[in-house]
Amino acid sequence: MIRTKEQESAPMLGFWLYLMTDLMLFATVFATFMVLRHATAGGPSAPELFSMKTVLTETMILLASSLFCGLAWLALRHKKRTDFLMYSIATLLAGAVFLAIEIQEFAQLVHEGFGPSTSAFLSSFFTLVGMHGFHIAIGLLWGIALLIMFAKKGFGSSLARKFALFAVFWHFLDIVWIFIFTIVYVIGVHA
Amino acid sequence: MFGRLSLDYLPHEPATIGAAVAMPLALIAIAVALTYYKKWRWLWREWLTSLDAKKIGVMYIVVAIVMLLRGVADAVMLRMQTALAVGDNPGLFSVDTFQQVFTAHGTIMIFFVAMGLMFGIINVVMPLQIGARDVAFPWLNSVSFWLFVAGMILVNGALLFGGFSNGGWLGYPPLTELQYNPGPGVDYWIWALQIAGIGSLLSGINFTVTILKKRAPGMTLMKMPIFVWSVLVTMVLVMISFPMLTSALSLLALDRTLDMHFFTSNMGGNPMMYINLIWAWGHPEVYILVLPAFGIYSEVVATFARKKLFGYKTMVAALVAIMFFSFVVWQHHFFTMGAGANVNAFFGIMTMIIAIPTGVKIFNWLFTMYRGRIRFTAPFVWFMCFVVTFTIGGVTGVLMAVPALDFQIHNSMFLVAHFHNVIIGGVVFGYLAGITYWFPKVLGFRLHDRLGRWSAYAWQVGFLLAFLPLYALGLMGAVRRIDHYTDPSWQPFFIVSAVGVLTIALGIGLFVLQIGVSVWQRKKLRDTNGDPWDGRTLEWSVPSPAPHYNFAIQPTVSRIDEWWYQKKDGVARPTRNDYKDIVLPKNSGLGVAIGLLCFVFGGAVIWHLWWLAALAFVGVIVVILVRTFDENTEYTMTAEKLYQEAKEARV
Amino acid sequence: MKKYRVMFGVAATIIILSLLGYLLARTGHYDILQPMGDIAKQQRNLLYFALLLCAVVVVPVFIMLGSFAWKFREGNKKAHYKPEWSENKLLEVVWWGIPIVIISILAVVAWSTSHSLDPYRPIASNKKAIEVQVVALQWKWLFIYPELGVATLNQLPVPVGTPVHFTLTADAPMSAFWVPTLGSQIYTMNGMSSQLYLIADHAGDFPGYTTNINGEGYADMKFMVHAQPEAAFNSWVERARGSSQMMDAAAYETLAKPGVITEEREYMLMDDNLYSKVLEKYMAPKDQQMDHSSSTMPVMEGM
């Protein structure tokens, strides 16, 4: 059977729909965070906990990662093997650094005695930010899998399709992070 | 190493010990039978690893019917207890057992019966109705099913070891928090729903893409069979609402396992947040269950009245309206929480508005019967029982939607009667009608009609006996979920209700008997031409049982009820050249593997076996990677082979 | 006669069930339909009104279902058969229209009664409402009369004809306070105060319940409203004030431990701030500083 164009585009549609459900998931956790962000139960609040400098660094690194991801996509479109390899490794490295900083930040908080069981506010903070971090970790695994696939088979129509999905996912996580950055950190620290 | 596993968690009450012994024995008996008849290989190859949507659908339905038996056994226990336990009589069960049983009853009936029947029927019917050979993502479909099974095993596993939640089917905190409920019961409940719920979410995506991308050429959205419309609308609801269930359950699980404070009553937690989240999912869920049933009724009425469905466009509009409004009504589940009068009034009025499109659908069905030629087969009898039952439920629903009235009848037996009214009348009758209607398409023979009608009558009478007394009890001030009471004047009502439940159990018995008798008489009941009911839609254009590739030749569509008009107009017989090679998915055992690993993961978290949970989680990722790297997942069926098979089927 | 068999079957079933229902229904006493207070009475009337309004749609549906099914059965060859007839603008307007009209009427009623019967809305009366603070415990009800200096367990004496203002909280999983004969129930939750106004218009003993499951003793968590003439109530208050049992912090701590108590008790109230203390138990230290004096929290509004 010859596949119709409609059916070829099914995975992309499916993936977009999945992202919408993921967005709903984030939205409900965001809503929970909004409800609980002042419920500090006598514990520390956002301004006492967060260092804007670290968070700004994190944000820049994640944005850079997204940029590399876009460049990798262009390289793939133009079938430039070395460029693709370079940019996609850069994408993953930046993602890994972001994740490392986040884990370090979490460890720091827990070390200071402000873990997720301290208050409802910190529960929702760790969960919301941690959930994003978990997505990043899954994305990193996925990216590595794609690189292995690339190493074995090189470009092929299948890699382009799979990388396109990954790229959408990666940009999606970027957008979610912008929301976290704004709501959790900027508004949290300044309001 | 062993988490909180301890022998203290073995069941120690007669009722639970009985179940805990009977269940493994039944499983062992099945295993022995499979070994004796050397059917393991057949089971694995033909069923468990199959990616054929029809087979996955049949497996869903089988699991759901087994769970229906469990759920009804629970119901019988509940009503036996309340029939006896008045005054000093303690009845049959301890309070804890009773509370676990009603929690299990609700959880199982919604998640593992209603959802199972729904996904089962959709899997069987929807691809056939849109002229597709399969769903968009066959392997994902298998994963969804096995996640459903994993959840089902966890729910029932609680009986064997550790006990189930006693917090009601929606498990409101803070009752379900560690402070009041430190045992594993609530965790069983959380992880069973979580795992099955993620399966449902994946199915939602899968079916939506299938409907949007895999319809036969010519089938525009407004030419889809109405059942497919109902599935599309339902799957949109699934995609929007199930993430909210996932997050509500996850946050509760975090509270319980990592000592967080989302919904605890101290440290700033907010239980009301949970109640909002769970009902923001829970109300759409009700429509998720009932809309496909509405679709089934539409097909059944049109077919057995031998008449075009009245007001197709109105039906679609009503479905879409219900979909929209189902998201702005959730607060009506807790009018009594003390929100302001404006908030209550808003949600109350939104709720009532849903009654309008629902009422319109009923009128459309009635006028489909008008000037038809009605055959009173079992599916049609189910439909008539539905109209009677569902209409009563609709009325009591409108009553409860008036906030000032809800203040009086909320959480009373009146509420219990109301939601059984709509769920049994709307959902269960619909899916039983659907199973009867489409049975020959999958198995190649019809179900015994008279036994089917008897089953419907028993359900209907049993329903009235079981639930009308509960309305009366509600008006007397009996609250839900009580295991004993002091007022002796309530007892006669509870006794009648118990008789009603037994009558319903008889109805289920007749349904199972019907399947048995039909298998026995399958030669007599054989469907020879693939179109036993003089059907209207594409599924009746292929032989019964439908071939695993559904259609030998890709059908094209130019109108609603395509097959009905093709039969009238006559179509040319296909020639050898009309057959083309087709690509089909190969079987895969990896779906089973994911289900198994998720079951292990859930069990490990429940018992705090962190190393095992981590292992299972890594296992899931490995399986997904294996599948991603596997490029050999499809095979080609040649045109020649299709042609030969079609020729044989015609002879 | 075969074609009439179904009709006979249906008719017989309906008659038998109705007879059975009638006999059964006579034995019950319907707290909601026989209200003893103004709120419950208005709600009862609302129930009848809404039911009648729904009957406008439901009765025709049942008649049509039965008659269409009978008339257009396959065996009846005399009936018109129009397999293609599937659209009629006028009819569709009618059955969109009728439900819309009915629901519109009901919506107006729902809106106005949501306000007039709002649990938070004081009952108009020339008498000052009696203050009662309610604490739902695992599994018993503590009622505090702060102005009268008494407290009770599982019993709620009130004077006939005087509005009662309840302020409710829980020192237990979420519970709900409901007296069917008096009307409106409301949830009770940790660290939060909900409010409710009720009135008893007749003397008598009326049972009250929790409607929300809160653990093992749920079914036993009941109380009795003793509505009595004002004079009787006043003399009860005098008596209770002299009770040998005291309600202070220590007595409360003992009472608050999980366990079923079904007996009715009365106490002399030793601690006027007991209710606020129960409420504050679930508030974080910081919130307490901010909101120390007030016993009601505005959290509820808008949730």
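If you're wondering where the values come from, they're calculated on a predicted model, not measured in any experiment. The residue numbers shown here count from 1 along each chain, following its written sequence. For naming, the first written chain is A and the first written ligand is 1, with later ones following in the order written. Given that the model is predicted, a residue must reach a pLDDT of at least 70 before its local features are reported, and side-chain atom pairs must reach 80 or more before they are shown or counted; all residues, however, enter totals for whole chains, interfaces and linings. Only hydrogens and water are set aside; all other atoms, that is, all heavy atoms of the structure, feed into the side-chain values.

### Quick notes on the packing of helix α4 (residues 95-129) of chain B against helix α5 (residues 138-160) of chain B
Residues and elements named next belong to chain B. Here is the rule: Lines fitted to the C-alpha atoms define the axes, with helices restricted to the stretch that makes contact. Angles between their N-to-C directions range from 0 to 180 degrees. Secondary structure elements follow DSSP: runs of H or I of four or more residues count as helices, runs of E of two or more count as strands, with numbering from the N terminus. Should an angle fall under 35 degrees it is called roughly parallel, over 145 degrees roughly antiparallel, and 65 to 115 degrees roughly perpendicular, with every other angle called oblique. Working rule for handedness: look at the near helix, and if it is turned counterclockwise from the far one by less than a right angle, call the crossing left-handed; if clockwise, right-handed. Only heavy atoms matter for contacts: two residues are in contact if any of them lie within 4.5 Å across the pair.
At a minimum axis distance of 11 Å, the contact between α4 and α5 shows a crossing angle of 160°. Classified by the interaxial angle, the pair formed by α4 and α5 is roughly antiparallel. Read as a crossing pair, α4 and α5 show a hand that is left-handed. Here α4 contributes I108, F111, F112, G116 and N123 to the contact with α5, which in turn contributes N141, F148, G151, M152, V155 and N156.

### Overview of the interface of chain B and chain C
Interface extent is often summarised as the accessible area lost during association of the parts. The following threshold applies: What gets called buried area is simply the loss in accessible area from a 1.4 Å probe that two parts show on being joined, summed for both. Just to be clear on terms, a salt bridge is a Lys or Arg side-chain nitrogen sitting within 4 Å of an Asp or Glu carboxyl oxygen. Under the rule applied, a polar contact is a pair of N or O atoms within 3.5 Å (in protein, one hydrogen donor and one hydrogen acceptor; residues adjacent in sequence only if both atoms are side-chain atoms). Only Asp, Glu, Lys and Arg are considered charged in this grouping, and only Ala, Val, Leu, Ile, Met, Phe, Trp, Tyr, Cys and Pro are considered nonpolar; every other residue, Gly among them, is considered polar.
Taken together, the contact between chain B and chain C spans 100 residues of the former and 92 residues of the latter. Interface of chain B and chain C: buried area, both sides summed, is about 8800 Å²; carbon and sulfur atoms make up 70% of it. Three residues, B:R371, B:R373 and B:Q408, lead the burial of chain B against chain C; their summed loss comes to 10% of the area buried on that side. On the surface where chain B and chain C come into contact, there are 1 salt bridge. A salt bridge links B:R306 to C:E74, with the nearest nitrogen and oxygen atoms 2.5 Å apart. Where chain B packs against chain C, one counts 31 residue pairs in polar contact (both at pLDDT 80 or more). Listing elements by their share of the side of chain B that touches chain C, those giving two or more residues are α4, α8 (271-304), α10 (341-369), α11 (378-401), α12 (403-409), α14 (449-476), α15 (491-520) and α16 (562-569) of chain B. Residue composition of the side of chain B that touches chain C, grouped by class: 61 nonpolar, 26 polar and 13 charged.

### Points about the domain arrangement of chain C
All names here are of chain C. Note the cut-off: Residue ranges for the domains originate in an automatic or database domain assignment.
On domain assignment, one finds that chain C holds domain 1 (2-73 + 92-116) and domain 2 (130-282). Placing a centre on the C-alpha atoms of domain 1 and another on those of domain 2 gives a separation of 37 Å. Listed by partner, the interface residues are 10 residues for domain 1 and 14 residues for domain 2. Summed over both partners, the interface of domain 1 with domain 2 buries about 890 Å², with 61% contributed by carbon and sulfur atoms. Among the residues domain 1 hides against domain 2, the three largest losses belong to D31, M36 and I39. Together they make up 59% of the total. In this structure, the connection of domain 1 to domain 2 is made through 0 salt bridges. Where domain 1 meets domain 2, there are 6 residue pairs in polar contact (both at pLDDT 80 or more). For the side of domain 1 that touches domain 2, a count of residues per class yields 5 nonpolar, 3 polar and 2 charged.

### A closer look at the pattern of salt bridges
Note the cut-off: Burial status follows relative accessibility: with a 1.4 Å probe on protein chains alone, a residue under 20% of its type maximum counts as buried, one over 50% as exposed, and anything between as partly exposed.
Counted according to the given criterion, the structure contains 21 salt bridges over all chains. In this structure, C:D171 engages C:K281 in a salt bridge whose closest nitrogen and oxygen atoms are separated by 2.8 Å. In this pair, C:D171 sits in the loop between β5 (164-170) and β6 (175-179) while C:K281 sits in the loop between α6 (274-280) and α7 (285-290), placing the two residues 110 residues apart along the sequence. Among the salt bridges present, the one from C:D271 reaches C:K277, with a minimum N-O distance of 2.8 Å. Looking at C:D271, the relative accessible area reads 13%, which means it is buried. Connected through shared salt-bridge partners, B:R306, B:D531, B:D534, B:K567 and C:E74 make up one network.

### Quick notes on the packing of aromatic side chains
Residues and elements named next belong to chain B. Using the following cut-off: Any pair of Phe, Tyr and Trp rings, taking the six-membered ring for Trp, is counted once the centres come within 6.5 Å. Such a pair is stacked with planes under 30 degrees apart, edge-to-face with planes over 60 apart, and tilted for the rest.
Under the counting rule described, the total for this entry stands at 98 aromatic pairs over all chains. Here Y485 and W490 contribute two aromatic rings whose centre-to-centre distance is 5.7 Å and whose plane-to-plane angle is 40°, an arrangement assigned as tilted. On the numbers, 5.4 Å between centres and 65° between planes, the contact of Y579 with Y643 is edge-to-face. Placement of Y579 in the loop between α16 and β1 (582-585) and of Y643 in helix α19 (residues 639-650) is noted, with a sequence separation of 64 residues between them.

### Thoughts on the confidence of the model for chain C
Residue and element names in this part refer to chain C. So the rule is basically this: Confidence of the predictor at the level of single residues is captured by pLDDT, which takes values from 0 to 100.
Mean pLDDT over chain C stands at 90; residues scoring 70 or higher make up 92%. When the criterion is pLDDT under 50, residues 287-303 qualifies, and its contacts beyond four places in sequence or with other chains add up to 30 contacts. Our summary of model confidence lists the complex with pTM equal to 0.95 and ipTM equal to 0.95.

### Remarks on the nonpolar core
For the record, the criterion: Residues belong to one nonpolar core when they are buried, are Ala, Val, Leu, Ile, Met, Phe, Trp, Tyr or Cys, and are joined through side-chain atoms within 4.5 Å.
Grouped together as the largest cluster of nonpolar side chains are 308 residues, with contacts concentrated most on B:Y274, B:W365, B:M369, B:F383, C:L156, C:F166 and C:F177. Among the elements that line this core, the one with the most residues is α8(B), at 22 residues. Taken domain by domain, this core gets at least three of its residues from each of domain 1 (2-73 + 92-116) and domain 2 (130-282) of chain C. The residues touching C:F166, leaving out its near neighbours within four places in the chain, are C:V132, C:V134, C:L156, C:F177, C:S194, C:Q195, C:L196 and C:L198. If you look at the next biggest cluster of nonpolar residues, it comprises 56 residues, including A:A167, A:L173, A:V176 and A:I180.

### Some remarks on the packing of α11(B) against α14(B)
Residue and element names in this part refer to chain B. Relative to each other, α11 and α14 sit at 15°, their axes nearing to 8 Å. With respect to their mutual orientation, α11 and α14 come out roughly parallel. Like other packed secondary-structure pairs, α11 and α14 cross with a definite hand, here left-handed. Of α14, the residues touching α11 (which contributes A378, P379, V381, W382, C385, V388, T389, G393 and T396) are D449, G452, R453, S455, A456, Y457, W459, Q460, F463 and Y471. Class assignment for the residues of the contact of α11 with α14 results in 11 nonpolar, 6 polar and 2 charged.

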